[in-house]
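Fold and contact review
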Amino acid sequence: MEDASPATFRPTWQQALARGLYLGALIALVGVVSLALATAAAVTLTAVVAPPSWVWAVLAVGPPLAGAMLGPPVARRTGTEICAGGIRIHSVFADGIAPWNRVVDLRAERRGGRTVVSVYLDSGASLQLQAPYSGELFAADPHFESKMFALSHLWRSHRFGGLPG
């Protein structure tokens, strides 16, 4: 497979920031709930005093801020790369490739509150691309349609005879 890639799609900085804030808020919620349960159990079983109030503030504010700082660098690792061999999907946990000869369709679909790009393979399986996508508020991508058009053009070019030159 060639290393030259005609297109690379990554989440926008707003999408990366929003994803980091969202994951950080989830971690904060889990931390606060588990600390509250542990405190309630300790107070109920023994005469242990509750943790200081600053611990609650750190648990509530710390993870979302950490997520907001880690979201953009992680987004640089996440994305979709179009190359001569097919569609490469990069994520934090795993990478994959869908060769052009196995891709039978490329569609923009609504999944939850987002419009995502799904790749359908000849085996009947479908893959959801990590980028591009568009949604509401911070997940909005004003260039989603042009990115989808570029993806569709590249797929059709490879599917029906390859790119010129």
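The sections below set out a description of the structure shown in this document. For clarity, every value in this text was computed on a predicted model and none was experimentally measured.

1. Describing the overall build of the protein
- Each helix and strand counted, the protein has 3 helices and 7 strands in total.
- Along the chain direction, N to C, the helices and strands of the protein fall in the order β-α-α-β-β-β-β-β-β-α.
- Here the protein, with 165 residues, has 35% of them falling under the buried criterion.
- Sequence-distant contacts, at least 24 apart, represent 52% of the contacts inside the protein between residues at least 6 apart.
- Of the roughly 9800 Å² of accessible surface on the protein, 66% is carried by carbon and sulfur atoms.

2. Some thoughts on a nonpolar patch on the surface
- A cluster of nonpolar side chains, contributed by Leu70, Val74, Val92 and Phe93, occupies part of the molecular surface with about 450 Å² of accessible area.
- Taking relative accessible area as the criterion, Leu70 reaches 55% and is therefore assigned exposed.

3. Details of the packing of aromatic side chains
- Within the structure shown, the criterion is met by 0 aromatic pairs.
- If you follow Arg107 out to its NZ or CZ, it ends over the ring of Tyr120, 4.3 Å from the centre.

4. Observations concerning the pairing of strand β5 (residues 103-111)
- Where β5 lies against strand β6 (residues 114-121), 8 bridges are found, and the strand directions are antiparallel. Looking at the pairing, Ala108 lines up with Val117 of β6.
- Hairpin connection of β5 to β6: 2 residues between the antiparallel strands, including Gly112 at a positive phi of 65°.

5. Some words on the pattern of salt bridges
- Scanning all chains against the criterion turns up 5 salt bridges.
- With a closest N to O distance of 3.8 Å, Glu109 and Arg107 form a salt bridge.
- On the basis of relative accessibility, which here comes to 15%, the residue Glu109 falls in the buried class.
- Glu109 is paired through a salt bridge with Arg111; the nearest N and O atoms lie 2.7 Å apart.
- One network of salt bridges, with partners in common, ties together Asp105, Arg107, Glu109 and Arg111.

6. Quick look at the nonpolar core
- Formed by 19 residues in total, the largest nonpolar core has its most connected members in Ile82, Ile87, Leu106, Val117, Val119, Leu129 and Leu151.
- Among the elements of the structure, β1 (7-9), β3 (86-90), β5, β6, β7 (126-134) and α3 (144-159) are those that each provide at least two residues to this core.
- Among the elements that take part in this core, α3 stands out by supplying 5 residues, more than any other.

7. What about α3?
- The end-to-end C-alpha separation of α3 is 22 Å, in line with the 22 Å expected for 16 residues at 1.5 Å each.
- Here α3 has its buried residues at Phe144, Lys147, Met148, Leu151, Ser152, Leu154, Trp155, Ser157 and His158.

8. With respect to the sheet that holds β7
- One open sheet holds the 3 strands; their spatial order is β5-β6-β7, and the pairing between them is antiparallel. Strands at the two margins of the open sheet, each flanked by one partner only, are β5 and β7. Direction aside, neighbouring strands of the sheet carry axes that sit 25° apart on average.
- Each of β5, β6 and β7 touches α3; the most contacted strand, β5, lies at about 165° to it.

Reading guide: rules and limits
Residues numbered from 1 in each chain as written. Predicted model: local features only at pLDDT ≥ 70, side-chain atom pairs only at ≥ 80, totals over all residues. Heavy atoms only, no water. Helix = DSSP H or I, 4+ residues; strand = E, 2+ residues; numbered from the N terminus. Buried < 20%, exposed > 50% of the residue type's maximum accessible area, 1.4 Å probe, protein only. Contact = heavy atoms within 4.5 Å. Areas by Shrake-Rupley, 256 points an atom, 1.4 Å probe, with all protein chains shown as cover. Patch = residues over 30% accessible without salt bridge, like charges linked within 9 Å, V, L, I, M, F, W, Y side chains within 5 Å. Salt bridge = Lys/Arg side-chain N within 4 Å of Asp/Glu carboxyl O. Phe/Tyr/Trp six-rings, centres within 6.5 Å; stacked < 30°, edge-to-face > 60°. Lys NZ or Arg CZ within 6 Å of the ring centre and 35° of its normal. Pairing = 2+ DSSP bridges. Core = buried A, V, L, I, M, F, W, Y, C linked by side-chain atoms within 4.5 Å. Expected span 1.5 Å × (residues − 1). Axes fitted to C-alpha atoms, helices over the stretch in contact; angles between N-to-C directions.

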